[in-house]
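Structural overview
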Number of protein chains: 2
Amino acid sequence: MTGGRLSRRSALGLIGAAGAVGVTGGFAAGAARDDDAEPQESVVPFHGKHQSGITTRVQQHLYFASFDMTSTATREDLKSLLADWTDAAARLTQGREVTTEGATGGGPYKPPDDTGEALGLEPNALTITFGFGPTLFAADRFGLEKKRPKELVELPSFAFELLEDRFSGGDLCIQACADDPQVAVHAIRNLSRIAFGRAQVRWTQLGYGRTSTTSKSQSTPRNLFGFKDGTANVFSNDDSDLATWVWADGSDQPWLAGGSFLVARKIQMLIESWDRVRLEEQEAIVGRDKGRGAPLSGGSEFTEPDFDVVSTAARGPAIPMDSHVRLAHPTQNGGARMLRRGYNYVEGNNDLGQLNAGLFFLAFVRSPEQFVGVQRSLAKDSLNEYIRHIGSAIFAVPGGIRAGESIGSGLF
Amino acid sequence: MTGGRLSRRSALGLIGAAGAVGVTGGFAAGAARDDDAEPQESVVPFHGKHQSGITTRVQQHLYFASFDMTSTATREDLKSLLADWTDAAARLTQGREVTTEGATGGGPYKPPDDTGEALGLEPNALTITFGFGPTLFAADRFGLEKKRPKELVELPSFAFELLEDRFSGGDLCIQACADDPQVAVHAIRNLSRIAFGRAQVRWTQLGYGRTSTTSKSQSTPRNLFGFKDGTANVFSNDDSDLATWVWADGSDQPWLAGGSFLVARKIQMLIESWDRVRLEEQEAIVGRDKGRGAPLSGGSEFTEPDFDVVSTAARGPAIPMDSHVRLAHPTQNGGARMLRRGYNYVEGNNDLGQLNAGLFFLAFVRSPEQFVGVQRSLAKDSLNEYIRHIGSAIFAVPGGIRAGESIGSGLF
Ligand code: HEM
Ligand code: HEM
């Protein structure tokens, strides 16, 4: 292997306007990727006030993993795991291999440290974001009872949900986002290997075709119902919104300062049923038009919905009382908002030939109450006929770190 | 929706050197995608001497579907289905919606023709490739007994395989490849809807991070064992190789002229076991070095392997007798070669936390014997300890068509 390189050429154009994004100019020869790859992507800094992957412009692909600590793991194991994960994540996000030895540098007589499938791939804006589930703080486990944020408790149950254990919960989570799925998969795979004996994968989720943006300058992608998703989001260039709705201030637990709560919901979408609904009805269910994403009260995509507008055709409110957008809107939820950062998923077909597909909903909130309130309000949502929540998890996402620090070191 | 546009700007750079690729300059207003998308990708022509998606430079993502005709479907149904699929595929590959009415143009009182999730996305080099399975030609089904290519029979069974019905077989297949997974998923989903009442999905496969290239100018990607995959392929710029190894001449069945056979194998890779193998052993199993992909007999990636070179360290042939590359190489298989065009897949984890992941192996061959011979020779492959074939299918891929013709019309 010869020295790798990382071009600045196309980096800025690809990253766009959203979020704090930097570019590294090269890296140590021992850690270099092989040299026949087209330079095409840039690096999102791992260190900073907040973890990356929250306000970072939404990458094309997600690989998400929930972990449980093994039954024999100790407090020391947890501490060392977080330290090891931190080191590895800092390297991986720069497009390096997981250790200096990497995939081929450790000599012939041992299994390589790095599994190698990302050799030759650019960093692809990889971000790695860590979170801690409520079970990690349980009594008699790691002595973390006093470090649990008061609000970090299991979510209450909601109308219509059909949760499955195999898609729910977890002591720890890692969200890996990148513009190449192989880069995200490689990151989780190598972090799982590092965890061996200390933590093991509980469930994972692959997602693509993100369903939100973190800025209006990225065009709004569509979910699998064909609607623009992410129009009314908390955007990453609005520091005051972020302070109000996303970042925890650490007044409860200092280690959570600059962090957030992450709510993950695996939502199956009944695609075939939806596809038989007439356009008018689809739009009434969502509360926006399908082509442009404008609210049914009029205007264009980013016009604020006006819930008082009456439609003579609909013989009632233009944005129906049971529409998703009305029920989810801040004005119906004591002002509550959230930063949505979800991904579509497609996982083949069931025995009836129907798509196993849906939305892996991810929201970052300053308080889980923001999600709970909106999700309760959605009990009346006419969308419920076409979706089913089948997985659920909540994690406290610690703040960002400086080089040399470990993620979550404030726990100990 | 306003008129769409399709930029020529970056098209040539993105498509690269492989295969016959053109660019369209725009399309009818009624069929236009909405106008806030960044133009970023070009169109691969659907019409031509061969179907696209075979020698086309390998796109980043695959969505593959196998279909069965419904139990009540008639010969007329099959014929009309192929005609409808052809029309839709010609539109979809150009970045249009599935009909002129599309996702929003059919008025409020009916379900939209197009499911809409690709609105605003560029064509992303979408190719749609059709194939016919052996069961389609069975007696007492569609009167196609005499149209069956002699070689289109179920594959024999092979050592070590553990095939599952739910990943195998099918009357028809559609391979959709694109640089955005949502575009490939959208294509298959809308083609499945068109099939309603005539054919239904049997199984599907999502793949990413392709494991081959069709030209040496694309850098060779890696499979999930971390090795370069696709180094020694039949390349699309070598017409004489293609004529010898890929394109059927139609001497058996005229409708197959310019077509090929497609062998699909879903191969589970035992990732965790592999990851514990030392580097030397991994390289001995493959027969190439991991970093550069060079044969163990020496040289660089594209150096021809020399099976006579002896290694004193290995106390035997430098490329071991039971290595994958030796056993798969043409010199060990009566010269036989194939055009490999596979994709990696990752489908979460099993109950033990192990990755469900592997290679969706796709090969285009002039005769299935090319695959059968090599696969038999691989019975001695030391790779078999780390892989398991769990799905299998074979299809005859008809030749390409001109505008106005229907795929497979030569069957009737
Ligand atoms: C498969 C399930 C879901 C689908 C298909 C869906 C779809 C949509 C669509 C199309 C919009 C309008 C465009 C936009 O502003 O993004 C929207 C808005 C929104 N959704 Fe959902 N959504 C789903 C689940 C959820 C869940 C579980 C929550 C939270 C509990 C949620 C919260 C919101 C919020 C807060 C908005 C913005 C409302 C506004 O301020 O106007 N959605 N959703
Ligand atoms: C998960 C299963 C497999 C893995 C991991 C794998 C991996 C590899 C690798 C790393 C190479 C060397 C680089 C290259 O030339 O592409 C290779 C070559 C090759 N493989 Fe496989 N392969 C698998 C299955 C198969 C199967 C099922 C076949 C066909 C029956 C096949 C046929 C070939 C051929 C023909 C070559 C080129 C050999 C040469 O001409 O040097 N492989 N494979």
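Cut-offs applied
- Residue positions are counted from 1 within each chain, in the order its sequence is given.
- By the order in which they are written, chains take letters starting at A while ligands take numbers starting at 1.
- Residues qualify for local features only when their pLDDT is at least 70, as the model is predicted, and side-chain atom pairs are given and counted only at 80 or more; totals for whole chains, interfaces and linings, by contrast, use all residues.
- In computing side-chain values, all of the structure's heavy atoms are included and hydrogens and water are not.
- UniProt positions are given in the numbering used here, feature names are shortened, and annotations may be inferred rather than shown by experiment.
- Distances define the donors: N, O and S atoms within 2.8 Å of the metal qualify, as do those within 3.2 Å of Na, K or Ca. Water is excluded, so some sites may look unfinished.
- Helix and strand assignments come from DSSP, with helices taken as H or I runs of at least 4 residues and strands as E runs of at least 2, each series counted from the N terminus.
- Contacts are residue-level and defined by heavy atoms, with any inter-residue pair within 4.5 Å sufficient.
- Simply put, the buried area is the total loss of 1.4 Å probe accessible area from both parts when two parts are fitted together.
- We define a salt bridge as a contact between a side-chain nitrogen of Lys or Arg and a carboxyl oxygen of Asp or Glu at a distance within 4 Å.
- A 3.5 Å cut-off defines polar contacts: any pair of N or O atoms within that distance qualifies, except that in protein one atom must be a possible hydrogen donor and the other a possible acceptor, and neighbouring residues in sequence count only when both atoms are side-chain atoms.
- The least-squares superposition of copies is restricted to C-alpha atoms, and to residues with a pLDDT of at least 70 in both copies.
- Throughout, near means a residue has at least one heavy atom within 4 Å of the molecule or strand.
- Any residue that is not Ala, Val, Leu, Ile, Met, Phe, Trp, Tyr, Cys, Pro, Asp, Glu, Lys or Arg is counted as polar, Gly included; the first ten are nonpolar and the last four charged.
- The buried label applies to any residue whose accessible area, calculated with a 1.4 Å probe on protein chains only, is under 20% of its type's maximum; exposed applies above 50%, and partly exposed to all values in between.
- pLDDT is a per-residue confidence score from the predictor, ranging from 0 to 100.
- Only the stretch in contact is used when fitting a helix axis, every axis being a line fitted to C-alpha atoms; angles between N-to-C directions are given from 0 to 180 degrees.
- An angle counts as roughly parallel when it lies under 35 degrees, as roughly antiparallel when it exceeds 145, as roughly perpendicular when it falls between 65 and 115, and as oblique in every other case.
- For any pair of crossing helices, the crossing counts as left-handed if the nearer helix is rotated counterclockwise from the farther one by less than a right angle, and right-handed if it is rotated clockwise.
- Each Phe, Tyr or Trp ring (for Trp, its six-membered ring) is paired with any other whose centre lies within 6.5 Å, and the angle between the two planes then decides the class: stacked below 30 degrees, edge-to-face above 60, tilted in between.

An unreviewed UniProt entry annotates chain A as Deferrochelatase of Aeromicrobium duanguangcaii. The UniProt entry for chain A carries the following text under Catalytic activity (unreviewed entry): "heme b + 2 H(+) = protoporphyrin IX + Fe(2+)".

Some points on the coordination of the iron atom of ligand 1
When only protein atoms are considered, the iron atom of ligand 1 has one donor, A:His324 (NE2), at a distance of 2.0 Å. Looking at the element boundaries, A:His324 is found in helix H7 (residues 324-328).

Remarks on the interface of chain B and chain A
Listed as interface residues are 55 residues of chain B and, on the opposing side, 55 residues of chain A. Of the roughly 4,300 Å² buried between chain B and chain A on both sides combined, carbon and sulfur atoms contribute 55%. Summed over the shared surface of chain B and chain A, the result is four salt bridges. Across the pair B:Arg189 and A:Asp275 runs a salt bridge, and its minimum N-O distance is 2.8 Å. Here chain B is connected to chain A by 19 residue pairs in polar contact (both at pLDDT 80 or more). Of all the elements in the fold, those that place two or more residues in the side of chain B that touches chain A are strand S1 (61-69), helix H3 (181-195), strand S4 (199-208), helix H6 (279-286) and strand S9 (343-349) of chain B. In terms of residues, the side of chain B that touches chain A owes the most to one element, H3(B), which gives five residues.

Brief notes about the relation of the copies chain B and chain A
Between chain B and chain A, the superposition needs a rotation of 180 degrees and an axial shift of 0.0 Å, giving an RMSD of 0.0 Å. The transformation just described matches what one would write down for a two-fold rotation axis. Within chain B, B:Glu347 has its C-alpha nearest the rotation axis, a separation of 3.7 Å. Interface overlap between copies is the fraction of interface residues in one copy that are interface residues in the other; for chain B against chain A it reaches 98%, indicating a shared surface.

Here's the deal with the site of ligand 2
Residues and elements named next belong to chain B. Close to ligand 2 lie 26 residues; Gly230, Thr231, Ala232, His324 and Arg340 are nearest. In this structure, arginine 340 approaches ligand 2 through a side-chain N or O atom, which is 3.0 Å from an oxygen atom. Listed by contribution, the elements that provide at least two residues to the shell around ligand 2 are strand S5 (260-269), helix H7 (324-328), strand S10 (355-365), helix H8 (368-377) and strand S11 (387-397). A per-class count over the shell around ligand 2 returns 15 nonpolar, seven polar and four charged.

Let's talk about the site of ligand 1
All names here are of chain A. Lining the immediate surroundings of ligand 1 are 27 residues, of which Gly230, Thr231, Ala232, His324 and Arg340 lie closest. Glycine 230 places a polar main-chain atom, nitrogen or oxygen, 2.5 Å from an oxygen atom of ligand 1. Backbone polar atom of threonine 231 to an oxygen atom of ligand 1: 3.0 Å apart, as the coordinates give it. Looking at the shell around ligand 1, the elements that each hand over two or more residues are strand S5 (260-269), H7, strand S10 (355-365), helix H8 (368-377) and strand S11 (387-397).

Observations concerning the side chain of A:Gln370
Residues and elements named next belong to chain A. Relative to the helices and strands, glutamine 370 is located in helix H8. Residue class for glutamine 370 comes out buried when judged on its relative accessible area of 7%. A polar contact is formed between the side chain of glutamine 370 and the backbone nitrogen of arginine 366, at a distance of 3.1 Å. In this structure, glutamine 370 is in contact with Trp245, Ala336, Arg337, Met338 and Val365, ignoring residues within four places of it in sequence.

Looking at the confidence of the model for chain A
Confidence in the prediction for chain A averages 89 pLDDT; 90% of positions are at 70 or higher. Scored below 50 in pLDDT, residues 1-41 of chain A shows 96 contacts in the model against residues more than four places distant or in partner chains.

Observations concerning the packing of helix H2 (residues 75-93) of chain B against H3(B)
All names here are of chain B. Where H2 contacts H3, the two axes come as close as 10 Å, and the packing angle between them is 155 degrees. The pairing of H2 with H3 is recorded here as roughly antiparallel in orientation. H3 is crossed by H2, and the crossing has right-handed handedness. Between H2 and H3, the residues in contact are Leu81, Asp84, Trp85, Ala88, Ala89 and Leu92 and His186, Ala187, Leu191, Ile194 and Ala195, respectively. For the contact of H2 with H3, a count of residues per class yields nine nonpolar, one polar and one charged.

Description of the packing of aromatic side chains
Residues and elements named next belong to chain B. Per the counting criterion, the structure on display carries 26 aromatic pairs over all chains. Ring centres of tryptophan 85 and phenylalanine 130 lie 5.7 Å apart, and the angle between their planes is 20 degrees; on these two criteria the pair is classed as stacked. Of this pair, tryptophan 85 sits in helix H2 while phenylalanine 130 sits in strand S2 (residues 127-132), and the two are 45 residues apart along the sequence. Relative accessible area serves as the criterion here: at 1%, tryptophan 85 is assigned to the buried category. With 6.1 Å between their ring centres and 75 degrees between their planes, phenylalanine 227 and tryptophan 274 make a pair best called edge-to-face. Of this pair, phenylalanine 227 sits in the loop between S4 and helix H4 (239-245) while tryptophan 274 sits in helix H5 (residues 271-274), and the two are 47 residues apart along the sequence.

A look at the UniProt feature "domain: Dyp-type peroxidase C-terminal" (unreviewed entry) in chain A
What UniProt calls "domain: Dyp-type peroxidase C-terminal" (unreviewed entry) maps, in this numbering, to residues 220-400 of chain A. Summarising residues 220-400 of chain A: 19% helix, 25% strand, and an end-to-end C-alpha distance of 27 Å.

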